[in-house]
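Given next are the chains, with one letter for each unit.
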Amino acid sequence: MIEGKTTDKDLPNTVSNLDLVTPDRTYLDSNELIINMGPQHPATHGVLRVILKLDGEKVLGTECVIGYLHRGVEKIAENRTYTMFNPYVDRMDYVAAVSNGLGYCQAVEKLLAVEAPPRANYIRVILTELNRIASHQLWLGTHALDIGAMTPLFYTFRDREEILKIFEKYCGARLTTHAFRIGGLQYETYAGFEKDVQNFVNFVRPKIDEYEELLTGNRIWIERTRNVGVISAKDAIALGVTGPVLRASGVKWDIRRAQPYANYAHFDFEIPTGENGDTYDRYIVRMSEMRQSLRIIEQAIAGIPEGPITAKVPKVIKPAVGEIYHSIEAPKGELGYFIVSDGSTQPYRVRVRPPSFVNLQALDIMVRGMLVADVVAVIGTLDIVLGEVDR
Amino acid sequence: MTPVATPLFFYMLSGIAILGGLLVITRRNAVHSALALIVTLLAVAGLYLMLYAPFVAGVQIIVYAGGIMVLFLFVIMLVNLERTVKQRQFNRIWPVGLVASCALLALFLSVYEKGKSLFEGRPVPTLTEASNTQQVGVLLYGNAGQIGPYTFAFEIASLLLLVAILGAVIMAKKRI
Amino acid sequence: MVEKYKRHYGSGLDAETYLGQNYFAVDRSLIPDFLKLLRHDEQFDYCVDITAVHYPKREKQFDVVWILYSFERNERIRVKTQIGDGESVASAVPIWTTANWLEREVYDMFGIKFDGHPDMKRILLPDGWQGFPLRKDYDILRQDKEWVQINLGIESGQ
Amino acid sequence: MLQALHSFIGHDAPGGTPGQANNQLWALIYVLIIFAGVSVAVMAMNWLERKALAHFQVRLGPMRVGPHGLLQPIADAVKLLIKEDIIPDEADAFVFWIAPLIGLLAAFTVYTVVPFGPSQAVSDMNIGILFMLGVSSLAVLGIVMAGWASNSHYPLIGALRSSAQMVSYEVAMGLAVISAILMTSLHGLGLYGVSSQSDGTGTLSMIGIVQAQQEQHVWFLFKFFPLGLIAFVIFAIAMVAETNRAPFDLPEAESELTAGFHTEYSGLRWSLFMLAEYAAMIAVSAIAVTLWLGGWLRPFPNLLSGPTWDFIFALFPGLTFLGLGAVAFLGTARMPKHPYFKIQTIGLAGFGVVLAGIGVLLLAVPIAAKVSNQDFLNRSTLALMNVYWFVLKVALFMYLYIWYRATWPRYRFDQLMKVGWKVMLPISLGVLIVTAIVGVIL
């Protein structure tokens, strides 16, 4: 427990592992000082609470208190049928809802040993890659805003609007799209879908260069991000960090290439990697990932095959007894579903492996020795979404 | 050169200076006395202006009010002084203090009486307003090559300041 | 690879595959060194996930599942073990640091303790919470009412 | 008493600045004109900043309050007046009350020496620059007191940080200013195409500096070529840091420092701080314009000299206002025809008429002088030109401030200090020394 006057009356007892001695001498003395970057904080991308142990300005240690947005999605899954649980999946990582849906539908299709038809796969790839760009744009806007650059936020959100329009035209919803069904797609693409997406690709490609113009060469941006929140490849793998954060530390690994799913093998695209795993490299990796996604979309549009959009899936889905684990490359990292079925219409257990939850664990190592202002930058660069962290 | 301001200004400024000085001593709260000190220093700067020495007034504002007092306020705020406010302001032996100050006053008066003959009594010749800064420059650095009367003293003073700066850096060094 | 370990551990281990994904069912006692073996000898250097499943009717109620992946061999396997209610399992934190929060979540949701874990306490739910939500016999209504009454003093909306 | 009254009203020495002619009435009028002018400039700056920032960021900025948000500053002012003025309990009421006033005092007294023209300045102190630097260093006091008086941790830290920042950048600014003042007297042996017949006495007075630039027919920005420019750049950066703006606006935008030293202020008191900030920005850019960009001198004085060019340059003020009026009318043309927008179109048209009127008036002065072809550059056209060019240059600086704010992310505090002490100070010292050497030997 904490004796002496703490600077925050209702500090919970979750701070036991930080050996705390809170002084009551002069406030600005330079021994340990505990600040509470509380749940309602402009820079914590949602309801994350970070307890910082500081020596003056330097961060000695952090403890993340999460769970404020815990809705018990996995408990709900056990009381819903497979199709009924589909919309819940969008609510976890609400920024990249489409890829959540893709992961879940493919997991259940694997359980049913059913393969979605090629046309469905192609359209799924297009929508998922569009969603990846939208998620990266939202990340760039908020990350730059945390570090102080106001303008990128408006550029990125204006362009993200175009993607949301395409989603709305295709499946009626902008954010939590519920675009996919188990076995394929619900809706055929509306007339002019390919043209819209092609126009979007041509529209956004110069825009990404615009973001780069603003930030990449910007002296202050480089100074605020170079060598901030460094994580080595070895630590990253040990901590189970995945996605752009892992690739920025130099590990060339992407599930779309390592274990291709949904016809990703048909498309050729590079996997961008960084060298020293700092915030600047993660920024560069994500920017080139956006460009790679554009390449994939273009190839997908060129090669959309004709044919049915759903496989033969029984009205009532009752997979055989058994369990499978299927993971996809969500914008934040490896998003995995471990589904155990007991033969009934409702899954016996659905375990979601959330990339943000595991990436957030790396915050403590990346921030030690940094300054308080860098904590904000590092939280931004981890690109966490609290809906996925807390489930 | 007609005097810049009427005697009214002189009395006003010196009044402010005295009042500020009194406030500095009597204020219980450290920050208030620091502010009073700033007011006094600015009043003195005004007096310099009255004596046709704008350069000195400018320097007074920059060095004293802008620089030193800011550091005073820094120190006062960093070390929160709630404890000192609770102590009694006037300790019991204030009569001894009073006697000592009266003695000092008597000393000043006697020195003034004896030395009265030194001051001729007529107003001191004022420097032309425009050239004041130049005069100061000439006195300090000398004019066109030859060394001015106070250059040597000025260099020593700057040396002294240098030593002070080095001392401060070394003392703070161990904490950085 | 499977035969090697079958000979080595004999009865305590058997390997099946389901829909192309192979996994080991391992006895609880073998877990600590079997995981170390997988990590160091077989280069399964990335612990994807640790989770559990609750089978109330079986006498060994819980299945603890480790999902591992090896970068070199681009291969995924699962290791399962069955433990009874109240039993604890060796923690994988010394092997993979990512296990820290994953095990805390399993404890938070199922009540399975991992001995050797640096900071075994709840991660998502508030500390004072009683009961473990993801157990099958966990009545969601009862717990919710209590918590809301104690802390907020109002009737729960459920 | 009578003598005092007479000197108060009497208007004896025309030509000199009111302060010089030591007749208080004109000085009072000038003071009022300038302070009213600065307040209007602050209001205009508020509107310009919102609109320009918005257009940088692909949005429209305030459009609702009046045509194109023109009444927005007034709406803000009224809102701030009506808002409740909270003093936190246990805050030190006196210090809390006086802090914004000191900030305002420091920001506004600088204008007494800002030279809008050879005779258009409140008073021509012969220690102009020194007085300006001195008073601007007082602003630090206001901030420190505000931070301390609001009696809570975060404003205190914010205040200490911003004052540390201002104090450290003041040093670099001072050195840059000294190197400019050196240029007033030292002008080498004419190698730099600089005529050297002036009597070589430097001056601190602002009007003197501009006159020195006029005599030497070169703006200090281009004098001793790289040096003037480097000193100017250092001053430009230091002044942005001095007013806590753009990339250096760390104290009020730090994530856990909330809003820096003026967090606890609200309503009118908070608007005083904003007024002080904008006024300080205008004052500091006025110093920059006077020292390096030849105060009220029109551009290319010696390249395009001669009466015809003078006349063309004299038309500029009128033309700009006519141009603004045209833009306003263009706005009315493009206003949607919906009846709801009728008032806005009328408002905008009225604003356009006012601007065009001023334009015509300003055109009439030089044309009348030309037609009656007595000495063309008589007092009124000259005064008009001087003030116009000075204000135009300061406006350029204002636009720079907004541009910085739109593009640059924020410095971290230790980087900010590192730039201040390790980069700016040595360079400004270097420039000072090299200017001295070049001035003497070259």
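How each quantity is defined
- Residues numbered from 1 in each chain as written.
- Chains lettered and ligands numbered in written order.
- Predicted model: local features only at pLDDT ≥ 70, side-chain atom pairs only at ≥ 80, totals over all residues.
- Heavy atoms only, no water.
- Helix = DSSP H or I, 4+ residues; strand = E, 2+ residues; numbered from the N terminus.
- Buried < 20%, exposed > 50% of the residue type's maximum accessible area, 1.4 Å probe, protein only.
- Contact = heavy atoms within 4.5 Å.
- Areas by Shrake-Rupley, 256 points an atom, 1.4 Å probe, with all protein chains shown as cover.
- Lys, Arg positive; Asp, Glu negative; His and termini not counted.
- Charge placed at Lys NZ, Arg CZ, Asp CG, Glu CD.
- Axes fitted to C-alpha atoms, helices over the stretch in contact; angles between N-to-C directions.
- Parallel < 35°, antiparallel > 145°, perpendicular 65-115°, else oblique.
- Left-handed = near helix turned anticlockwise from the far one by under 90°.
- Nonpolar A, V, L, I, M, F, W, Y, C, P; charged D, E, K, R; others polar.
- Core = buried A, V, L, I, M, F, W, Y, C linked by side-chain atoms within 4.5 Å.
- Buried area = accessible area lost by both parts, 1.4 Å probe.
- Salt bridge = Lys/Arg side-chain N within 4 Å of Asp/Glu carboxyl O.
- pLDDT = per-residue confidence, 0-100.
- Expected span 1.5 Å × (residues − 1).
- Arc of directions from axis to C-beta.
- Pairing = 2+ DSSP bridges.
- Patch = residues over 30% accessible without salt bridge, like charges linked within 9 Å, V, L, I, M, F, W, Y side chains within 5 Å.

Peer 1: Quick question: what am I supposed to make of the overall build of chain C here?
Peer 2: A tally of helices and strands in chain C yields 4 helices and 7 strands. Counting only residues that meet the buried cut, chain C has 53% of its 158 residues in that class. A separation of at least 24 residues holds for 47% of the contacts in chain C among residues at least 6 apart in sequence. Within the structure as shown, chain C displays about 7100 Å² of accessible surface, and the carbon and sulfur contribution to it stands at 53%.

Peer 1: Would you explain the overall build of chain A in this entry?
Peer 2: Broken down by element type, chain A carries 15 helices and 8 strands. The dimensions of chain A, computed from C-alpha atoms along their principal axes, are 75 × 50 × 35 Å. Burial statistics for chain A: of 391 residues in total, 64% are counted as buried. Counting only contacts in chain A whose residues sit at least 6 apart along the sequence, the fraction spanning at least 24 positions is 71%. Taken as a whole, chain A presents about 13000 Å² of accessible surface, with 56% of it coming from carbon and sulfur. The average position of the 44 basic charges and that of the 49 acidic charges among the side chains of chain A differ by 4 Å.

Peer 1: Just to check I follow, could you spell out the packing of helix 4 (residues 93-109) of chain D against helix 10 (residues 267-292) of chain D for this structure?
Peer 2: Between two packed helices, what matters for the description is the angle formed by their axes and the separation of those axes. Residues and elements named next belong to chain D. Contact geometry of helix 4 with helix 10 gives a least axis separation of 8 Å together with a crossing angle of 20 degrees. It follows that helix 4 is roughly parallel to helix 10 by the angle criterion. Helix 4 and helix 10 meet at a crossing whose hand is left-handed. Packed against helix 4, whose contacting residues are Phe96, Trp97, Ala99, Pro100, Leu101, Gly103, Leu104, Ala107 and Phe108, the element helix 10 presents Arg269, Leu272, Phe273, Leu275, Ala276, Ala279, Ala280 and Ala283 at the interface. Residue composition of the contact of helix 4 with helix 10, grouped by class: 15 nonpolar, 1 polar and 1 charged.

Peer 1: Please explain the nonpolar core as it appears in this structure.
Peer 2: If you look at soluble globular proteins, the nonpolar side chains tend to sit buried side by side. In terms of nonpolar packing, the biggest core is built from 162 residues, with A:Leu127, A:Leu130, C:Trp66, C:Leu68 and C:Ile112 touching the most fellow members. Counting residues per element, this core draws most heavily on helix 4 (residues 118-147) of chain A, at 13 residues. Not counting residues up to four positions away in its chain, the partners in contact with A:Leu130 are A:Ile163, A:Ile166, A:Phe167, A:Val197, A:Phe200 and A:Ile297. Counting residues in hydrophobic clusters, the runner-up holds 119 residues, among them D:Phe131, D:Val210, D:Leu221 and D:Tyr265.

Peer 1: I would appreciate a short explanation of the interface of chain C and chain A in the present structure.
Peer 2: In many reports, interface size means the accessible area that the parts give up when they come together. The partner chain A presents 47 residues to the 44 residues of chain C that form the contact. For the pairing of chain C and chain A, the buried interface totals around 3800 Å² over both sides, and the portion due to carbon and sulfur atoms is 54%. Along the contact surface separating chain C from chain A lie 8 salt bridges. One salt bridge connects A:Arg391 with C:Glu105, and the closest N-O pair in it is separated by 2.2 Å.

Peer 1: Please clarify how the confidence of the model for chain A should be interpreted in this entry.
Peer 2: Keep in mind that low pLDDT regions are not for reading the predicted coordinates in detail. For chain A, the average pLDDT comes to 85, and 91% of its residues sit at 70 or higher. Across residues 1-29 of chain A the pLDDT falls below 50, and counting only partners more than four positions away or on other chains, this stretch makes 51 contacts in the model.

Peer 1: When you look at helix 1 (residues 7-26) of chain B in this model, what are you seeing that I'm missing?
Peer 2: What sets the pattern is the α-helix's 3.6 residues per turn: residues three or four places apart point alike. All names here are of chain B. Between its first and last C-alpha atoms helix 1 spans 29 Å; for 20 residues at 1.5 Å apiece the expected length is 28 Å, and the two agree. Those residues of helix 1 that sit buried are Leu13, Ser14, Ala17 and Gly20. The arc that holds the buried residues of helix 1, viewed along the axis, is 115 degrees, so those residues lie on one side. Exposed residues pointing more than 90 degrees away from the buried face of helix 1 are listed as Pro7, Leu8, Tyr11, Ile18 and Leu19.

Peer 1: Looking at this model, I keep getting lost on the sheet that holds strand 8 (residues 349-353) of chain A. Mind explaining?
Peer 2: Think of a sheet as strands paired side by side through backbone hydrogen bonds, with each pair either parallel or antiparallel. Residue and element names in this part refer to chain A. Taken in spatial order, the 3 strands make up an open sheet running 6-7-8, and their pairing is antiparallel. Among the strands making up the open sheet, the edge pair consists of strand 6 (322-330) and strand 8. Across the sheet, the mean angle from the axis of one strand to that of its neighbour is 15 degrees, orientation sign disregarded. Inspection of the sheet shows strand 7 (residues 333-341) paired to strand 8 by 5 bridges, in the antiparallel sense. The residue bridging valine 340 from the neighbouring strand is arginine 349, located in strand 8. Lying over the sheet, helix 3 (residues 97-111) contacts strand 6 and strand 7, oriented at roughly 150 degrees with respect to strand 6.

Peer 1: Looking at this structure, how should I read the sheet that holds strand 3 (residues 58-65) of chain A?
Peer 2: All names here are of chain A. Across the sheet, 3 strands lie side by side as 1-2-3; this open sheet has antiparallel pairing. Two strands close off the open sheet at either side, each with one partner strand: strand 1 (32-37) and strand 3. Mean inter-strand twist for the sheet, computed between neighbouring axes without regard to direction, equals 20 degrees. Contacts from helix 14 (residues 372-382) reach strand 1, strand 2 (49-55) and strand 3, with the element oriented near 150 degrees to strand 2.

Peer 1: Explain helix 5 (residues 151-171) of chain A to me, please; I cannot follow it from the model alone.
Peer 2: With 21 residues, helix 5 of chain A should cover 30 Å at 1.5 Å per step; its first-to-last C-alpha distance of 31 Å lies within 8% of that length. Of the residues flanking the end of helix 5 of chain A, it is A:Gly172, one or two places downstream, whose phi is positive at about 85 degrees.

Peer 1: What should I look at first to understand the environment of D:Pro115 in this one?
Peer 2: All names here are of chain D. Position of proline 115 relative to the elements: it lies in the loop between helix 4 and helix 5 (128-149). The class for proline 115 is buried, based on a relative accessible area of 0%. Through-space distance from the C-alpha of proline 115 to that of tryptophan 296 is 7.9 Å; in sequence the pair is 181 residues apart. In this view, proline 115 contacts Gln120, Ala121, Met206, Ile207, Thr290, Trp296 and Phe390; residues no more than four positions away in its chain are not counted.

Peer 1: When you look at the pairing of strand 3 of chain A in this model, what are you seeing that I'm missing?
Peer 2: One face of the sheet, then the other: side chains in a regular strand alternate in exactly this way. Residue and element names in this part refer to chain A. Of all 8 residues in strand 3, 6 are buried, a share of seventy percent or more. Where strand 2 meets strand 3, 7 bridges bridge the pair, whose relative direction is antiparallel. Looking at strand 3, one finds that isoleucine 51 is bridged to glutamate 63.

Peer 1: What am I meant to see in a nonpolar patch on the surface here?
Peer 2: All names here are of chain D. A grouping of Met43, Leu71, Ile74, Val78, Leu81, Ile82 and Leu268 is seen on the molecular surface, where their side chains present a nonpolar patch of about 640 Å² in accessible area. Of all the elements, helix 3 (residues 72-82) adds the most residues to the nonpolar patch, at 4 residues. For isoleucine 74, the position within the fold is in helix 3.

Peer 1: Just checking my understanding: could you explain the packing of helix 2 (residues 30-50) of chain B against helix 3 (residues 54-78) of chain B for this structure?
Peer 2: Residue and element names in this part refer to chain B. The interhelical angle for the contact between helix 2 and helix 3, taken along N-to-C directions, is 175 degrees, at an axis separation of 8 Å. The angle between helix 2 and helix 3 falls in the class roughly antiparallel. Between helix 2, through Ala30, Val31, Ala34, Leu35, Leu37, Ile38, Leu41, Leu42, Val44, Ala45, Tyr48 and Leu49, and helix 3, the contact on the second element is made entirely by Pro54, Val56, Ala57, Gln60, Ile61, Tyr64, Ala65, Met69, Phe72, Leu73 and Ile76. Residues of the contact of helix 2 with helix 3, tallied by class, amount to 22 nonpolar, 1 polar and no charged.

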